Amino acid sequence: MTITESSAVPVRTATKRTVLMCRPEFFTVVYRINPWMDPALPTDTALAVRQWETLYQTYLDLGFDVKLIDPIDGLPDMVYAANGGFVIDNIAYGASFTHEQRQPEGPAYMDWFRENGFDVRDPQNINEGEGDFLLVGGRILAGTGFRSASNSHEEIAGIYGREVVTLNLVNPSFYHLDTAIAVLDDTNIAYLESAFDEASLVKLRELFPDAILATEEDAAVLGLNSYSDGYNIVIASRAKDFERQLRERGYNPIGVDLSELLLGGGGVKCCTLELRS
Ligand code: ARG
């Protein structure tokens, strides 16, 4: 008897993405605004740049259109471009950062959006952009608990006219939604159950009954902080179980090592802001 296991694996489709990134020329850890950061530990900025270049090259190899924003001296977290805003339908909702150390990044990103032809909306509420807002198909998943305020969820519902699902984050190590959920395509996600409260888990289970459930080990290397084009999924190379699960489901995981940027509490997705026109 022949078992044609592969026939059960769905065919996935990649679509070309346009993303914004920021080279970590001024990356370091000099303050602590999440549990990953320890200013007493040394950082190697040149290594951070080299690792980031690998991610950048991976996106170019996938055929992505990668835009760059100039890094600013004195803003060491600016490399985490996902926090710079949220962009759908050419409308860029600006970020308004929780911690004063990152606040100047909000206007810097908004200037870039304006100069590059986006319709910029000045935020009325604290929010950290695509760190806490994830588009899955037509729906926006929105995180709160540590950074983005829940009234920013109402604000984006009004701006984009889409359904917004509020999810409460409960573990300080997974302080942004993009550290606890990976968007795989228009209908599928992966997530870390222990990062959410019970009410949020009820919503996630109902909306995504076939979701991949990540292991604590993979989440602990920010394995979920990944970026997908619908088929190719760029992930932390150390997230081995996640890699296996993605492969089983017909995706093509591509591992990169961003160990230096992990010292700031960020990974692949944090370095990536999708620009949707
Ligand atoms: N050090 C940064 C902060 O705590 C890391 C941001 C990570 N970004 C993300 N999208 N999860 O704000």
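As named in an unreviewed UniProt entry, the protein is N-dimethylarginine dimethylaminohydrolase, taken from Glaciihabitans arcticus.

Scanning the protein for helices and strands turns up seven helices and 15 strands. The C-alpha atoms of the protein give 18 Å as radius of gyration, which agrees with the globular expectation for 277 residues (19 Å, within 12%). C-alpha extents for the protein along the principal axes are approximately 65 × 40 × 35 Å.

Counting through the fold element by element, Gln 101 comes out in the loop between β4 (91–94) and α2 (105–115). For Gln 101, a count of 16 C-beta atoms within 10 Å translates into the label partly exposed.

What follows is about the sheet that holds strand β6 (residues 133–136). Read from one edge to the other, the open sheet built from three strands follows the order β6-β7-β8, with strand pairing classed as mixed. Looking at which strands have only one partner, the edges of the open sheet turn out to be β6 and β8 (164–168). Going from strand to strand, the sheet's axes swing by 25° on average, the running direction of each strand aside. Where strand β7 (residues 139–144) lies against β8, five bridges are found, and the strand directions are parallel. Directly across from Thr 144, in β8, lies its bridge partner Asn 168. Helix α3 (residues 150–160) contacts β6, β7 and β8 of the sheet and is inclined by roughly 160° relative to β7.

Take the pairing of β7 next. With five of six residues buried, β7 lies mostly within the body of the structure. With four bridges joining them, β6 and β7 adopt antiparallel strand pairing. If you follow Leu 134 over to β7, its bridge partner there is Leu 141. Hairpin geometry of β6 and β7 is characterised by an intervening segment of two residues between the two adjacent antiparallel strands and by a positive phi of about 60° at Gly 137. Crossover handedness for the path β7 to α3 to β8: right-handed.

Calculation criteria
Residues numbered from 1 in each chain as written. Predicted model: local features only at pLDDT ≥ 70, side-chain atom pairs only at ≥ 80, totals over all residues. Helix = DSSP H or I, 4+ residues; strand = E, 2+ residues; numbered from the N terminus. Rg over C-alpha atoms; globule rule 2.2 N^0.38 Å. Buried ≥ 20, exposed ≤ 12 C-beta atoms within 10 Å, placed from the backbone. Pairing = 2+ DSSP bridges. Axes fitted to C-alpha atoms, helices over the stretch in contact; angles between N-to-C directions. Contact = placed C-beta atoms within 7 Å. Right-handed = clockwise from strand over helix to strand, strands pointing away.

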